[in-house]
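Residues per chain, in single letters:
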Amino acid sequence: MLKQQVAKIKQGTDVYAVMEHFYTLQGEGAHTGKAAYFIRLGGCDVGCVWCDVKDSWDVSKHPVMSTDEIVEAALKYPGRIAVVTGGEPAMHDLQPLSDALHKAGFKVHIETSGAHPLTGDLDWVTLSPKKFKSPLEENMPEADELKVVVYNKSDLEWAEFHKKKVSRDCQLFLQPEWSKKEKIVPLLIEYIQQHPEWQLSLQAHKYINIP
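Everything numeric here is computed off the predicted structure, so don't read it as measured data. (Residues numbered from 1 in each chain as written. Predicted model: local features only at pLDDT ≥ 70, side-chain atom pairs only at ≥ 80, totals over all residues. Heavy atoms only, no water.)

Lay out a negative patch on the surface in plain terms, naming residues and giving numbers.
Together, Asp 14, Asp 68, Glu 69, Glu 72, Asp 93, Asp 99, Asp 121 and Asp 123 give the surface a local cluster of negative charge. Per element, the largest residue contribution to the negative patch is three residues, and it comes from helix α2 (residues 67–74). With respect to the element layout, Asp 68 can be found in helix α2. A relative accessible area of 59% places Asp 68 in the exposed class. (Patch = residues over 30% accessible without salt bridge, like charges linked within 9 Å, V, L, I, M, F, W, Y side chains within 5 Å. Areas by Shrake-Rupley, 256 points an atom, 1.4 Å probe, with all protein chains shown as cover. Salt bridge = Lys/Arg side-chain N within 4 Å of Asp/Glu carboxyl O. Lys, Arg positive; Asp, Glu negative; His and termini not counted. Charge placed at Lys NZ, Arg CZ, Asp CG, Glu CD. Helix = DSSP H or I, 4+ residues; strand = E, 2+ residues; numbered from the N terminus. Buried < 20%, exposed > 50% of the residue type's maximum accessible area, 1.4 Å probe, protein only.)

Following this line, the structure appears as structure tokens:
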């Protein structure tokens, strides 16, 4: 049903179901602290039990915006990084959106589980593999950063497994699942000290209470 809903949107002319869009600071990974305009698309079939934006899953719940409307909203702010997130944004054809954002002078970043083929011209790919629906093999070499959310200790094995599939230039991040951060952060500190190719990613936006 979800794929049918997404397909229906694709039949439109450069339109997307947008749960929310806002200007803030990137709170995670390699670009933490940078001003960015977030475009959260509706629709996700990955189904992480600890997802903090479950309202994004049902694409039919969210208003449809054209690429022109999205870009017009983003241009109201001086930052020129646009982060396309979700939900699972790779369920949508991102070529029209990435073209429109590039034409307006934006760098286009995506945050994806990698479970669907990547589309569009993307300047930065954050790939965060999930056990609930594994990433496509073809997407692994495209990752600029691999960001693994750690919910329990066994997720470190999951992280190491996927580390072998990304390029040598890919930046590696371990991020504690927010509800278990008090337990997981000490584990990650110790692990990264022993495996320094990894870096710690904290959800800085939640600590400073911004979107």
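Now that the structure has been shown, we can carry on.
Tell me what's going on with unusual backbone geometry, and back it up with residues and numbers.
Here the residue pair Gly 86 and Gly 87 is connected by a cis peptide bond, since its omega of 15 degrees sits within 30 degrees of zero. With respect to the helices, strands and loops of the structure, Gly 87 is situated in the loop between β4 (81–85) and α3 (95–103). For Asn 209, which is not glycine, the phi torsion reads 60 degrees and is therefore positive. By the element assignment, Asn 209 lies in the segment after α6 (204–207). Among the residues examined, Asn 209 registers a relative accessible area of 70% and is labelled exposed.

Before we move on, could you go through a nonpolar patch on the surface and cite the residues and values that matter?
On the surface, a nonpolar cluster with roughly 510 Å² of combined accessible area is contributed by Leu 25, Ile 189, Leu 200, Leu 202, Tyr 207 and Ile 208. Judged by its relative accessible area of 35%, Leu 25 is partly exposed.

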